[in-house]
Amino acid sequence: MLSTQQQSAGSLASRRHLAGEARLLGYASGNFGKNLVFAGADLTVLYLLTDLFGLPGAVAGLLMLVALAGDLVFDLLAALLVIRLRRAGRGYRWLIMAGAVPGGAGFALLYALPALGAERLWMVAGALLLFRGAYAVIDVPHNALMARVTVDSRARGRVSGYRLFFSTVSSLTVASLLTPVVQQAVAARAVEMLALTGCAAGLLFAMTMAFSAQASGREDRNNTDGKAGRDGESDGIAVPLRDGLVLGMGLLALITGFAVPTFERMLLYMGTYVFHRPETVSSLLVAVTFGQFLGVLLWTTLTNRHDKSSLLAAGHMLCVGSLTLFALCMAWPPALLACAVLSGMGFTCVFMLPWGLLADAVDFVAWKHERRFETGLFAFYLVAVKASGAAATGLIGWSLGQLGYVPGAAQSAVVRGGILALGIGVPIAGSLAAIALLRRFRIGHARHARVLSALAEGRKRIRHAGLATAAPVSARPAPERSPSRDRKPDWQDRAARARAARA
């Protein structure tokens, strides 16, 4: 029978665990607000430009392409701003709090332009770029904060799942509430209603981001001295691209942004022109979303017991299998729904786990290069994902044009084959490439824990020597081997040599 003291200790440990998970959930809740305005803008702004502002389709498309290109610049500029402010002692949470209101106001302004009578092209372009820039100021530090809310590799896997859960809930909110309101406002020319909708969404965004920053609690300094400025001194956007792990994360970002999302982008085309049941597309999208919710539960649970790189490879394998079955079952609608659910489960893993891997990669790069490229690596990954997504959108449009696609008409066998190649072939090829790439990743839970111990030991030696302003990693030469090799270092011999040197 347990003693009272043992029971009290167990109860205290349980409360601490629950408090820690609540903090991680609080941080992840920010993805609801981010996805609300970003996905909401992506789904509705082009429709507003053509059907409410009256812009020609080509002009509206060009404007959206300019905004997408602006995202890449804004992310890099936001990263530079974050690094500079962190050197001045302002942490990620402060930056999120400071940017919450401007980001929400930027979204609200975009929806309020018709009510304000500001419908000229340059005004619309300015408001769109203003929103994208304000959003980047929030997006970069919130993503980078993931490396600070916890240093545990397993916990980072759970955080990745929590983030995707809130993003999925937000996507449902956009599809079921925001989009119908926008459609109704445009149909009735109710510009005041549109402005109120934008203000409500912007306010919800600002409140969510402020809550996320506050609920995430103290930023874990990864065993540094607790000064944001000290960490920021070693950060930068010129990340070591020759490093195998950095290059691998970049390639993974390209696959994640380019290949896998083409299935959902082409689903309407496949439903209309390949298996000739356009009415089933909405059901298939709902099935994919349902699979994503199941996937969050599955993959988040598995991250406690398995390495994230192995699970990510398994998620890509599930994508390959489910999409192959989808292509084989197009004549059987019930089977298509089941395949869509399985695909959603696979997509969940593909989109959530790279963020946990990226947070771990920050520590591996710090261990090897004696610089903590924290903001820089997250900005690098964001730019790669967005650039590859833009390239995929361009490829789809160009390919359909080259194949002879005619909207609303019966398509030739060549066009139908091209639609299948884009919607099924490209995601399968991308997943196979990701599986081959992930075979070289050796940054599992155990090895990450050893790297954290090595970083902590190096900092202790730096402090012991009185070098408080030194780089926030070990002062010993960086290991020459690639961090993708899972070889256990000889820590005992190194510790003995260190004690001998101090003696």
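Here, the structure is the one placed above.
Right, let's walk through the structure included here. Source: prediction; values computed, not measured. (Residues numbered from 1 in each chain as written. Predicted model: local features only at pLDDT ≥ 70, side-chain atom pairs only at ≥ 80, totals over all residues. Heavy atoms only, no water.)

## A short note on the overall build of the chain
Step number 1: When its secondary structure is counted, the chain shows 18 helices and 0 strands.
Step number 2: In the chain, which comprises 503 residues, the share counted as buried stands at 53%.
Step number 3: The contacts in the chain between residues at least 6 apart in sequence include a share of 83% that link residues at least 24 apart.
Step number 4: Per element, the accessible surface of the chain, about 21,900 Å² overall, is 65% carbon and sulfur. (Helix = DSSP H or I, 4+ residues; strand = E, 2+ residues; numbered from the N terminus. Buried < 20%, exposed > 50% of the residue type's maximum accessible area, 1.4 Å probe, protein only. Contact = heavy atoms within 4.5 Å. Areas by Shrake-Rupley, 256 points an atom, 1.4 Å probe, with all protein chains shown as cover.)

## Points about the packing of helix α13 (residues 308–328) against helix α14 (residues 333–369)
Step number 1: Taken N-terminus to C-terminus, the directions of α13 and α14 make an angle of 155°; their axes are 8 Å apart at the nearest point. With respect to their mutual orientation, α13 and α14 come out roughly antiparallel. Judged by the sense of rotation from one axis to the other, the crossing of α13 with α14 is left-handed.
Step number 2: The class makeup of the residues in the contact of α13 with α14 is 17 nonpolar, 7 polar and 2 charged. (Axes fitted to C-alpha atoms, helices over the stretch in contact; angles between N-to-C directions. Parallel < 35°, antiparallel > 145°, perpendicular 65-115°, else oblique. Left-handed = near helix turned anticlockwise from the far one by under 90°. Nonpolar A, V, L, I, M, F, W, Y, C, P; charged D, E, K, R; others polar.)

## Section: the nonpolar core
Step number 1: Counting 133 residues, the largest nonpolar core has L49, F263, M270, F326 and F378 as its most contacted members.
Step number 2: Here this core takes 18 residues from α14, the largest share from any one element.
Step number 3: Setting aside anything within four residues of it in sequence, one finds F326 in contact with F263, L267, M270, F275, L284, L336, C339 and I424. (Core = buried A, V, L, I, M, F, W, Y, C linked by side-chain atoms within 4.5 Å.)

## Overview of the packing of aromatic side chains
Step number 1: The final tally for this structure, using the stated rule, is 14 aromatic pairs.
Step number 2: Each ring, one from F165 and one from F166, has its centre 5.5 Å from the other, and the planes form 75°; the classification is edge-to-face.
Step number 3: Classification of F165 by relative accessible area gives partly exposed; the value is 34%.
Step number 4: Ring centres of F263 and F347 lie 5.8 Å apart, and the angle between their planes is 55°; on these two criteria the pair is classed as tilted. One end of the pair, F263, is in helix α11 (residues 262–274); the other, F347, is in helix α14, with 84 residues separating them in the sequence. Neither F263 nor F347 differs from the other in exposure class; each is buried.
Step number 5: Pairwise contacts between aromatic rings join F38, F107, Y111, F131 and Y135 into one cluster.
Step number 6: For the cation-ring pair, R163 lies above W355, with the distance from its terminal atom to the ring centre recorded as 5.0 Å. (Phe/Tyr/Trp six-rings, centres within 6.5 Å; stacked < 30°, edge-to-face > 60°. Lys NZ or Arg CZ within 6 Å of the ring centre and 35° of its normal.)

## Concerning α14
An α-helical turn contains 3.6 residues, so any two residues separated by three or four positions project in the same direction.
Step number 1: Taking 1.5 Å per residue, 37 residues should reach 54 Å; α14 reaches 53 Å between its end C-alpha atoms and fits that length.
Step number 2: Helix geometry: α14 is bent most strongly at L353, by close to 25°, with proline P354 lying one to four residues after it.
Step number 3: Among the 37 residues in α14, 30 count as buried, and that is most of the element.
Step number 4: Trailing α14 by a residue or two, E370 shows a phi angle of about 60°, which is positive. (Expected span 1.5 Å × (residues − 1). Bend = angle between axes of the 7 residues up to and from the residue.)

## Some thoughts on the pattern of salt bridges
Step number 1: Applying the stated criterion across every chain yields a total of 14 salt bridges.
Step number 2: Of the charged contacts, one joins D363 and R156 as a salt bridge, the two residues approaching to 2.9 Å between their closest N and O atoms. Highlighted residues: D363 in helix α14 and R156 in helix α7 (residues 153–187), separated in sequence by 207 residues.
Step number 3: On the basis of relative accessible area, R156 is assigned to the buried category, the value being 0%.
Step number 4: Counted as one network, the salt bridges with shared partners bring together R86, R148, R156, K308, D360, D363, R372 and E374. (Salt bridge = Lys/Arg side-chain N within 4 Å of Asp/Glu carboxyl O.)

## Overview of the state of the cysteines
Step number 1: Scanning the model with the defined rule gives 0 disulfides in all.
Step number 2: Here C329 is not disulfide-linked; the sulfur of C339 is the nearest cysteine sulfur, at 4.6 Å.
Step number 3: Relative accessible area serves as the criterion here: at 18%, C329 is assigned to the buried category.
Step number 4: Taking relative accessible area as the criterion, C339 reaches 5% and is therefore assigned buried. (Disulfide = S-S within 2.5 Å.)

## Concerning the side chain of T44
Step number 1: You can see T44 is positioned in helix α2 (residues 30–51).
Step number 2: Here the side chain of T44 touches G40 through a polar contact of 2.6 Å, landing on its backbone oxygen.
Step number 3: Every residue in contact with T44, bar those within four places of it in the chain, is listed here: Y111, T179 and V182. (Polar contact = N/O pair within 3.5 Å; in protein donor to acceptor, adjacent residues only side chain to side chain.)

## Some points on the environment of M193
Step number 1: Within the element layout of this structure, M193 appears in helix α8 (residues 191–215).
Step number 2: Remark: the alpha-carbon pair of M193 and V181, spanning 12 residues in sequence, is separated by 8.4 Å.
Step number 3: Dropping the residues within four chain positions of it, M193 is found in contact with V181, Q184 and A185.

## Some thoughts on the side chain of K386
Step number 1: Along the polypeptide, K386 turns up in helix α15 (residues 374–403).
Step number 2: Judged by its relative accessible area of 15%, K386 is buried.
Step number 3: The contact partners of K386, leaving out residues within four places of it in the chain, are D71, L72, D75 and D139.

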